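# Architecture at a glance
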Amino acid sequence: MKRILTLLACAVSLFGFAGSNFDEGIKAYQDSNYVQAIEKFQASLAETPNDVASYYNLGLAYAESKQLGKAIWSFEKVLKLSPADVDAKDRIETCYATLNPSIAWEPRLNRFTSLLYGYSGTTWSVFAIVLSVLLSLCVIFFLRTREISTKRLFLALGFLSLVTLIASVFIAAGASKHAEETRFAVVTKAKIPTYDSPKKQSSVQLKEGDQLELLEDELISSEFIKVSSHSGDTYLVKSTDVDFI
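Read on for a plain summary of the structure. (Residues numbered from 1 in each chain as written. Predicted model: local features only at pLDDT ≥ 70, side-chain atom pairs only at ≥ 80, totals over all residues. Heavy atoms only, no water.)

### Some details on the nonpolar core
Membership of the largest hydrophobic core comes to 30 residues, with the highest contact counts inside it found for Leu58 and Phe75. Mapped onto this core, the elements with two or more residues apiece are α2 (20–30), α3 (34–47), α4 (52–64), α5 (68–81) and α6 (86–99). Those residues in contact with Leu58, other than ones at most four positions away along the chain, are Ile38, Phe41, Gln42, Leu45, Trp73 and Ser74. (Core = buried A, V, L, I, M, F, W, Y, C linked by side-chain atoms within 4.5 Å. Buried < 20%, exposed > 50% of the residue type's maximum accessible area, 1.4 Å probe, protein only. Helix = DSSP H or I, 4+ residues; strand = E, 2+ residues; numbered from the N terminus. Contact = heavy atoms within 4.5 Å.)

The structure is reproduced here in structure tokens:
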């Protein structure tokens, strides 16, 4: 593990994707100073938001310090930005199995969608532009050529380009929405209370690691938000009791 972290630090530093806080976080992790590692990776994220490497290593530091709810949250942030990351999925599954051994963790995206969204919305947008140029060329050559067989070829290529272009646009929109939208949260405390209304607490408590779907775009009040648990039950919880993904 230390060798992997060292190589990752060197690679990231080489390409300029992280600053000194990231490097110091790696060193602190290697020295088993997980508190400092957490602080440094958090500082790295403050400097470079949405940095996958910082979120991943923050998750490792949280896991080593036995803050498994926080670790799950960090690895979920990795999957939000890089849905096809197998290591992050394995880490979440391990943490979740420790906290909730009776419930199997399932990723929110299936394998096929994860692969598609593994490329950013920007990448798919560039691909769509390339396809639009190819489509235009097919139309131009189709109109200029007189041979029937050649016309059929450009017609087929143009149709394939059009279909792929439309698919790319939809995938680009979906990937961007997945990376930007906040629809889930993780319980990062040992236990949190739930409420039937802002003034009435219920008898149900949610445990560390529980993942919740947000059911309202706005806060119910200045401190409460409506969520759905893995069992499908709905509650109100305090927004300060969960970490949003």
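### A few points about the pattern of salt bridges
Taken as a whole and assessed by the stated rule, the structure comprises five salt bridges. Here Arg108 makes a salt bridge to Glu76, at a shortest N to O gap of 3.1 Å. With a gap of 32 residues between them, Arg108 in the loop between α6 and α7 (111–117) and Glu76 in helix α5 connect regions that are remote in the sequence. On the accessibility criterion, Arg108 (34% relative accessible area) is partly exposed. With relative accessibility at 3%, the residue Glu76 sits in the buried group. In this structure, Asp241 and Lys189 form a salt bridge, with 2.8 Å as the shortest nitrogen-oxygen distance. Highlighted residues: Asp241 in the loop between β6 (234–238) and β7 (242–244) and Lys189 in the loop between β1 (184–187) and β2 (191–197), separated in sequence by 52 residues. Judged by relative accessible area, which is 9%, Asp241 ranks as buried. (Salt bridge = Lys/Arg side-chain N within 4 Å of Asp/Glu carboxyl O.)

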